[in-house]
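Fold and geometry: a report
If you want the building blocks of each chain, they are given just below.
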Amino acid sequence: MRPRLAFIVLIFIALFQIVEGRQFDWTSSFVIRANYITSSKLFFNPDAATNDLRSQYITVDDMVGAGLEWRWRIEDANILVVVSADYISKSRDESQLLAIGGSLRRLPVTEGVRFIPLELGINTYIPIGSENMRLTMGGGFGAYYAIRTLEVAGVGIRIGNTPIGYGIHVGTGVEYKVNSILSLRMEMKFRDPEIVNEISFEQESTDYGGSVIVFPQNAFRTKIQVDGLSLSLGLMVEVF
């Protein structure tokens, strides 16, 4: 709810900024950046009959990655059209007690989330009275690809659907001008996409520890919610 309200406010800010254009010596720039997302959630029973089962989840924290961004300034306006793509992931290895093939076994598990946001947005510069530092605010729409990564005793999973969700994002950033064409850019972004995966194991069985482990072959569903705070730090190059 908070991102939606903030997005509406930003639309009104952008409309006012169209007639409040500032003088810039560039119309296009690129940003290469490192990304960090504080947390995401994996829901194991999104279609369960009771709310208690539907709300069961584990967190996947401290996701990291990298991304690219292209920024185009509308002539004679304080408006930037922004297109961005990022790759962010996190996985962890642990030993889990699992009921597979009718028996309870402790098995090695590698589990995590892979997240690729593709976003289109509008940014505007907020005057702060500094020549070398600039503040931006903005928001927009995005298509979000996310999959659960899972490997049990060396056996991975396959995704049976197209795991893409859609939503909005809002954010604010700070740019520090290093020289005539380079700036450091820091950004904080809020988004809350939900993506459902239909998952099945790649193999029917495997040999582990001298015994055969049989995996269920029926598909199961997992919901991924990437609702953590997104932080980025990058280098912006003003092209022309």
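Note: the structure precedes this text.
All of these numbers come straight from a predicted model, not from anything done at the bench.

Right, let's get into the overall build of the chain. A count of helical and extended segments in the chain gives two helices and 13 strands. In the chain, buried positions account for 42% of the 240 residues. A separation of at least 24 residues holds for 70% of the contacts in the chain among residues at least 6 apart in sequence. For the chain, the accessible surface area stands at approximately 12700 Å², while carbon and sulfur atoms represent 60% of it.

Attention now goes to the packing of aromatic side chains. According to the stated counting rule, one finds four aromatic pairs in the structure shown. The interplanar angle of 50 degrees and the centroid separation of 5.2 Å between the aromatic rings of Phe43 and Tyr57 together place this pair among those described as tilted. In this pair, Phe43 sits in strand E1 (residues 28–43) while Tyr57 sits in strand E2 (residues 57–73), placing the two residues 14 residues apart along the sequence. When its relative accessible area of 40% is taken as the criterion, Tyr57 is described as partly exposed. Relative to Phe220, the ring of Phe201 lies with its centre 6.1 Å away and its plane at 45 degrees, an arrangement referred to as tilted. Here Phe220 lies in strand E12 (residues 220–225) and Phe201 lies in strand E9 (residues 194–201), a separation of 19 residues in the sequence. On the accessibility criterion, Phe201 (6% relative accessible area) is buried. Residue Phe220 is classed as partly exposed on the basis of its relative accessible area of 26%. Counting every residue linked through ring pairs, the aromatic cluster contains Phe201, Phe215 and Phe220. Just above the ring of Tyr57 sits the side chain of Lys41; from NZ or CZ to the centre is 5.5 Å. In this structure, Lys223 is placed above the aromatic ring of Phe43, and the distance from its NZ or CZ to the ring centre is 4.6 Å.

Looking at where Thr222 falls in the secondary structure, it is placed in strand E12. Relative accessible area serves as the criterion here: at 0%, Thr222 is assigned to the buried category. Polar side-chain contacts of Thr222 include one of 3.0 Å to the side chain of Arg148. Sequence-distant contacts of Thr222, that is, excluding residues within four places in its chain, are made with Leu42, Phe43, Pro46, Arg148, Ile195, Val196, Asn197 and Ile199.

Cut-offs applied
- Residues numbered from 1 in each chain as written.
- Predicted model: local features only at pLDDT ≥ 70, side-chain atom pairs only at ≥ 80, totals over all residues.
- Heavy atoms only, no water.
- Helix = DSSP H or I, 4+ residues; strand = E, 2+ residues; numbered from the N terminus.
- Buried < 20%, exposed > 50% of the residue type's maximum accessible area, 1.4 Å probe, protein only.
- Contact = heavy atoms within 4.5 Å.
- Areas by Shrake-Rupley, 256 points an atom, 1.4 Å probe, with all protein chains shown as cover.
- Phe/Tyr/Trp six-rings, centres within 6.5 Å; stacked < 30°, edge-to-face > 60°.
- Lys NZ or Arg CZ within 6 Å of the ring centre and 35° of its normal.
- Polar contact = N/O pair within 3.5 Å; in protein donor to acceptor, adjacent residues only side chain to side chain.

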